[in-house]
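# Notes for the structure review
Next come the chains, spelled out residue by residue.
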Amino acid sequence: MPEQVGIVLVGHGRSASVLLEAARGVCGESGLEGVIAVDAGRGETDDLKTRLKAALVAADRGRGVLMIADAYGASPCSCGIREATAPPVVLSGLSFNVLLKLASLDRSELSPEELARTCADSARRALAVHVPSPAPAKESTA
């Protein structure tokens, strides 16, 4: 396998693995091959520290690591930053849209920072608020 940016997802509860599974269900395995999901449960524990450290080491495929966390500054994200052997680039806002975009990118050509910025831009564009128009008033037939 060519050198490429390694990806570690980390999120509270089971969010990392559930989102990865959903994205693979839509995109297939190829675009998300080697992506590692670490579910943090309720937050930082000794077990989480061990699993995150192992995931960050395992993910490194020669071009650095991008850690995608559900919430920047929350304990799983902070734990990943502290446990990393080399500081990873961090993208916060783990979402289905981020993973769909990630699946379309070439991790052997882009840097961790370029991947993060491209995914973040795509996720921002995917956000929308839909407010339905009020229903027309019904005429009274009295």
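Criteria and thresholds
Residues numbered from 1 in each chain as written. Predicted model: local features only at pLDDT ≥ 70, side-chain atom pairs only at ≥ 80, totals over all residues. Heavy atoms only, no water. Helix = DSSP H or I, 4+ residues; strand = E, 2+ residues; numbered from the N terminus. Buried < 20%, exposed > 50% of the residue type's maximum accessible area, 1.4 Å probe, protein only. Contact = heavy atoms within 4.5 Å. UniProt positions renumbered as here; feature names shortened; annotations may be inferred. Core = buried A, V, L, I, M, F, W, Y, C linked by side-chain atoms within 4.5 Å. Arc of directions from axis to C-beta. Expected span 1.5 Å × (residues − 1). Pairing = 2+ DSSP bridges. Axes fitted to C-alpha atoms, helices over the stretch in contact; angles between N-to-C directions. Parallel < 35°, antiparallel > 145°, perpendicular 65-115°, else oblique. Left-handed = near helix turned anticlockwise from the far one by under 90°. Nonpolar A, V, L, I, M, F, W, Y, C, P; charged D, E, K, R; others polar.

### Focus: the overall build of the protein
For the protein, the helix and strand inventory stands at 5 helices and 4 strands. In the protein, the order of α-helices and β-strands from amino to carboxyl end is β-α-β-α-β-α-β-α-α. Principal axes of the C-alpha set define a box for the protein whose edges measure 75 × 35 × 25 Å. Buried positions account for 36% of the 142 residues belonging to the protein. Of all intrachain contacts in the protein linking residues separated by at least 6 positions in sequence, the fraction that spans at least 24 positions is 71%.

### Here we look at the UniProt feature "domain: PTS EIIA type-4" (unreviewed entry) in the protein
UniProt marks residues 4-127 with the feature "domain: PTS EIIA type-4" (unreviewed entry), using the numbering shown here. Annotation note: span residues 4-127, helix share 48%, strand share 19%, distance between end C-alpha atoms 29 Å.

### Considerations on the nonpolar core
Counting 22 residues, the largest nonpolar core has Ile7, Leu9, Leu66, Ile68, Leu91 and Leu102 as its most contacted members. Of all the elements in the fold, those that place two or more residues in this core are strand S1 (4-11), helix H1 (15-27), strand S3 (62-69), helix H4 (96-103) and helix H5 (112-126). Per-element tally for this core: the top contributor is H5, with 5 residues. Those residues in contact with leucine 9 that sit more than four places away from it in its chain are Ala16, Leu20, Val35, Ile36, Ala37, Val38, Ile68, Leu94 and Leu99.

### Digging into helix H3 (residues 75-83)
Along H3, the positions that sit buried rather than exposed are Pro76, Cys77, Cys79, Gly80 and Glu83. Summarising the axial view, the buried residues of H3 lie within an arc of 160°, below the 170-degree limit, and thus occupy one face. On its buried face, H3 is in contact with S1, helix H2 (46-59), S3 and strand S4 (89-92).

### Looking at H1
Spanning 13 residues, H1 covers 18 Å between terminal C-alpha atoms, matching the ideal 18 Å at 1.5 Å per step. Every buried residue belonging to H1 is among Ala16, Leu20 and Ala23, and all of these are buried. Looking straight down H1, one finds its buried side chains confined to an arc of 65°; they lie on one side. Exposed and facing more than 90 degrees away from the buried side of H1 are Glu21, Gly25 and Val26. In this fold, the buried residues of H1 make contact with S1, strand S2 (36-39) and H4. Following H1 by one or two positions, glycine 28 adopts a phi angle in the positive range, close to 85°.

### A few points about the sheet that holds S3
In space, the 4 strands of this open sheet follow the order S2-S1-S3-S4, with parallel pairing throughout. Only two strands of the sheet have a single partner each, and these edge strands are S2 and S4. With direction set aside, neighbouring strand axes in the sheet form an average angle of 20°. In this sheet, S4 lies alongside S3 in parallel orientation, the contact comprising 4 bridges. Its bridge partner being in S4, leucine 66 is matched across the sheet by valine 89. Against the sheet, H1 touches S1 and S2, its axis set at about 145° to S2. Relative to S3, H3 is tilted by about 160°, and along the sheet it contacts S1, S3 and S4.

### Considering the packing of H4 against H5
Where H4 contacts H5, the axes come no closer than 9 Å and their chain directions differ by 130°. If you check the angle between H4 and H5, you find them oblique. Seen from above, H4 lies across H5 with right-handed handedness. Here Asn97, Val98, Lys101 and Leu102 of H4 lie close against H5, whose contacting residues are Leu115, Thr118, Cys119, Ser122, Ala123 and Ala126. A per-class count over the contact of H4 with H5 returns 6 nonpolar, 3 polar and 1 charged.

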